[in-house]
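Here are the chains, one letter per residue:
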Amino acid sequence: QVQLVESGGGLVQAGDSLRLSCAASGRTFSRYAMGWFRQAPGKEREFVAAINWSGGFTYYADSVKGRFTISRDNAKNTVYLQMNSLKPEDTADYYCAFKGGLAYYTRIGDYDYWGQGTQVTVSS
């Protein structure tokens, strides 16, 4: 079993930045991918960003490309999502997800473990 705990959400104004963190604990994997997803009120959960086990490969949704950066610190079992130039449409609950493996993954069904989410609200 893997536990994921997100932090770093909050209320910001458009144009501001936030950095989300997701700490993994529990069963250890030597190689695992991490992803960030978000769910806005009344909408389905959607992919935001993903990173492979080494951090050498990343992938972003078009809506956040150039503004968000995913990274990881394997020594701390933590993945980050740096969000710059935030827009009101970025308002959502943000979830991190975990999957053992070598690649990165973009589909909700690919992931085995999920965090509880952290809320991000961007005011205009």
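As the structure is a prediction and not an experimental result, all values here were calculated from the model.

Parameters and conventions
- Residues numbered from 1 in each chain as written.
- Predicted model: local features only at pLDDT ≥ 70, side-chain atom pairs only at ≥ 80, totals over all residues.
- Heavy atoms only, no water.
- Core = buried A, V, L, I, M, F, W, Y, C linked by side-chain atoms within 4.5 Å.
- Buried < 20%, exposed > 50% of the residue type's maximum accessible area, 1.4 Å probe, protein only.
- Helix = DSSP H or I, 4+ residues; strand = E, 2+ residues; numbered from the N terminus.
- Disulfide = S-S within 2.5 Å.
- Polar contact = N/O pair within 3.5 Å; in protein donor to acceptor, adjacent residues only side chain to side chain.
- Contact = heavy atoms within 4.5 Å.
- Pairing = 2+ DSSP bridges.

Visitor: Hey, could you go over the nonpolar core for me, with residue numbers and the actual values?
Guide: Across soluble globular proteins, you tend to see nonpolar side chains buried next to one another. If you look at the biggest cluster of nonpolar residues, it comprises 37 residues, and the most contacted ones within it are Leu4, Trp36, Leu81, Met83 and Tyr94. Taken together, the elements giving at least two residues each to this core come down to strand S1 (2–7), strand S3 (18–26), strand S4 (32–39), strand S5 (46–51), strand S7 (68–73), strand S8 (78–83), strand S9 (92–100) and strand S11 (118–123).

Visitor: So what about the state of the cysteines? Which residues, and what values?
Guide: Evaluation of the coordinates by the stated rule reveals one disulfide. Across the disulfide, Cys22 is cross-linked to Cys96 (sulfur-sulfur distance 1.9 Å). Negative torsions about the S-S bond denote left-handed disulfides, and the value of about 55 degrees found for Cys22 with Cys96 makes this one right-handed. Of this pair, Cys22 sits in strand S3 while Cys96 sits in strand S9, and the two are 74 residues apart along the sequence. Owing to a relative accessible area of 0%, Cys22 belongs among the buried residues under this scheme.

Visitor: Could you give an account of the side chain of Asn52, naming the residues involved and the relevant values?
Guide: Mapped onto the elements of the fold, Asn52 is located in the loop between S5 and strand S6 (58–60). Reaching out from Asn52, the side chain makes a polar contact with the backbone nitrogen of Gly56 at a distance of 3.0 Å. With residues up to four places along the chain from it excluded, the contact list for Asn52 reads Tyr32, Phe57, Arg72, Leu102, Ala103 and Tyr104.

Visitor: Now, about the pairing of S3: what can you tell me, with residues and values included?
Guide: With six bridges joining them, S1 and S3 adopt antiparallel strand pairing. From the neighbouring strand, Val2 faces S3, where its bridge partner is Gly26. Where S3 lies against S8, six bridges are found, and the strand directions are antiparallel. Bridge assignment links Ser21 to a residue of S8, and that residue is Tyr80.

In short, the description is geometric, and any link to function would need to be established separately.
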